[in-house]
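An overview of the molecular structure
Take a look at the letters that make up each chain.
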Amino acid sequence: MTGVIVLIIDAHMHLGYTREFYFYDTSISQLMKKMDLLNISFCINAHNEGLLHRNIEKGIIDSIKAYDESGKRILSYFIFNPNMSYECIDLMEHYRNEKAFKGIKIHPSFHEMYADDPSYEVVWQYALDNNLPIMSHTWDLSPHNDSQKYSCPTRFEKYIVMYPQVTFICGHSGGRYNGIIDAAKLAAKYNNVYLDTSGDVYNYKLIEFLTDKAGADKILFGSDALWFDQSTQLGLILGADIALEDKEKILFRNALDIFKLDDYIQDVR
């Protein structure tokens, strides 16, 4: 690879403590050291307080603090839990003018609600009305984790079709073999569907496969930090057998466009 990657945006990470994973250090200062080491300029957080623990407003407040403490480098998703639909929408509306928030995160598997359930329509409509992308956990059926059935990529097609103006990001690019194939098909078929590389998804030639099937224009770098080390997914992209131009699209150009970050870059510089 020749040339220099001048900017990196991590489009999928998590702040906050959770019992699901062991964290050595969850502080903002430690995360910033890691980001600086890897030349990651921005990241977009789905806070564990809202995502896992149903402390929706605490997650929002902590996300705003992270934005301020990081010098506007840690941005965030609002969390939508369909089991707390009205509370989530009310809080999004209350904090809608906070500059920290650039999208909405849903997680059908954690919240045990099929992704095509009618209860999700309100958040798709809210995303449309407020020009916000939706990012979701997507995964294949699993014999080890029955809750993954709620998040199979094909489950999202109903709302992808109903809301073609809403950008939808398949977190983890479908997760495992059949899920990855289905997610790539969705991204190739629909203009509003994108894929991110986050999580423990280390399939051989994964980046090459996604680039070939969906196009580099449809892929975002995501790490799933602090659950995983940002360097692992970053390495998959930097080491992929694809053009430098495609790596730039995956590492920052696509995210710049989706999350409208040009003004943030000027502020940070």
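Every residue gets a number counted from 1 within its own chain, in the order that chain's sequence is written. Residues qualify for local features only when their pLDDT is at least 70, as the model is predicted, and side-chain atom pairs are given and counted only at 80 or more; totals for whole chains, interfaces and linings, by contrast, use all residues. The basis for every side-chain value is the complete set of heavy atoms in the structure, and neither hydrogens nor water enter the calculation.

**Some points on the overall build of the protein**
Assigned secondary structure in the protein consists of twelve helices and eight strands. All radius of gyration figures rest on C-alpha atoms, and the globule criterion is 2.2 Å times the number of residues raised to 0.38. Against the compact-globule benchmark of 18 Å for 269 residues, the protein has a radius of gyration of 17 Å, which places it among compact chains. The buried label goes to any residue with under 20% of its type's maximum accessible area, the exposed label to any with over 50%, and the partly exposed label to all in between, with areas taken from a 1.4 Å probe on protein chains only. Expressed as a percentage of its 269 residues, the buried residues of the protein come to 59%. Whether two residues touch is decided by their heavy atoms; if any such pair falls within 4.5 Å, the residues are in contact. Look at the contacts in the protein between residues 6 or more apart in sequence, and 79% of them connect residues 24 or more apart. For the protein, the accessible area works out to roughly 11,900 Å², and carbon and sulfur atoms hold 48% of it. Lys and Arg are tallied as positive, Asp and Glu as negative. Neither His nor the chain termini are counted. Each charge is placed at NZ for Lys, CZ for Arg, CG for Asp and CD for Glu. Where the 26 positive side-chain charges of the protein centre and where its 37 negative ones centre are 2 Å apart. Strands are runs of DSSP state E lasting at least two residues, helices are runs of H or I lasting at least four, and both sets are numbered from the N terminus onward. A 1.4 Å probe and the Shrake-Rupley method give the accessible areas. Residues count as covered only by the protein chains that appear here.

**What to know about the pattern of salt bridges**
Any carboxyl oxygen of Asp or Glu that lies within 4 Å of a side-chain nitrogen of Lys or Arg is treated as forming a salt bridge with it. Within the structure shown, the criterion is met by twelve salt bridges. Between Glu-208 and Lys-205 there is a salt bridge, with its nearest N and O atoms 3.8 Å apart. Where Lys-213 meets Asp-212, a salt bridge forms, and the shortest distance between an N and an O atom there is 3.9 Å.

**Quick look at the side chain of Ser-198**
When you line up the elements, Ser-198 lands in the loop between β7 (193-196) and α9 (206-214). Side chain to side chain, Ser-198 and His-172 meet in a polar contact 2.9 Å long. Think of a polar contact as two N or O atoms within 3.5 Å of one another; within protein, one of them needs to be a possible hydrogen donor and the other a possible acceptor, and neighboring residues in sequence only count if both atoms come from side chains. At 2.7 Å, the side chain of Ser-198 forms a polar contact with the side chain of Asp-196.

**Points about the packing of helix α3 (residues 56-69) against helix α4 (residues 85-94)**
Orientation is described by lines fitted to C-alpha atoms, with helices fitted over the stretch in contact, and by angles between N-to-C directions that extend from 0 to 180 degrees. Two elements in contact, α3 and α4, have axes separated by 10 Å at closest approach and are oriented at 25°. In terms of orientation, α3 and α4 fall into the roughly parallel class. Handedness of the α3/α4 crossing: right-handed. Contacts between α3 and α4 involve Ile-56, Glu-57 and Ile-60 from the former and Glu-87, Cys-88 and Leu-91 from the latter. Side-chain classes follow a simple rule in which Ala, Val, Leu, Ile, Met, Phe, Trp, Tyr, Cys and Pro form the nonpolar group, Asp, Glu, Lys and Arg form the charged group, and the remainder, Gly included, forms the polar group. Class assignment for the residues of the contact of α3 with α4 results in four nonpolar, no polar and two charged. Orientation is classified from the angle alone, with under 35 degrees giving roughly parallel, over 145 giving roughly antiparallel, 65 to 115 giving roughly perpendicular, and any other angle giving oblique. Here a crossing is taken to be left-handed if its near helix is turned anticlockwise relative to the far helix by less than a right angle, and right-handed if that turn runs clockwise.

**Thoughts on the environment of Gln-230**
As for its position among the elements, Gln-230 is in helix α10 (residues 230-238). Judged by its relative accessible area of 2%, Gln-230 falls in the buried class. Measuring from C-alpha to C-alpha, the distance between Gln-230 and Ser-136 comes to 19 Å, with 94 residues separating the pair along the chain.

**Quick look at the sheet that holds strand β6 (residues 168-171)**
Read from one edge of the open sheet, eight strands run β1-β2-β3-β4-β5-β6-β7-β8, paired in parallel fashion. Both edges of this open sheet fall to β1 (9-13) and β8 (219-220), since each of them pairs with a single strand only. Strands are treated as partners if at least two bridges between them are detected by DSSP. By the bridge criterion, four bridges tie strand β5 (residues 134-137) to β6 in an arrangement that is parallel. Looking at the pairing, Ile-134 lines up with Phe-168 of β6.

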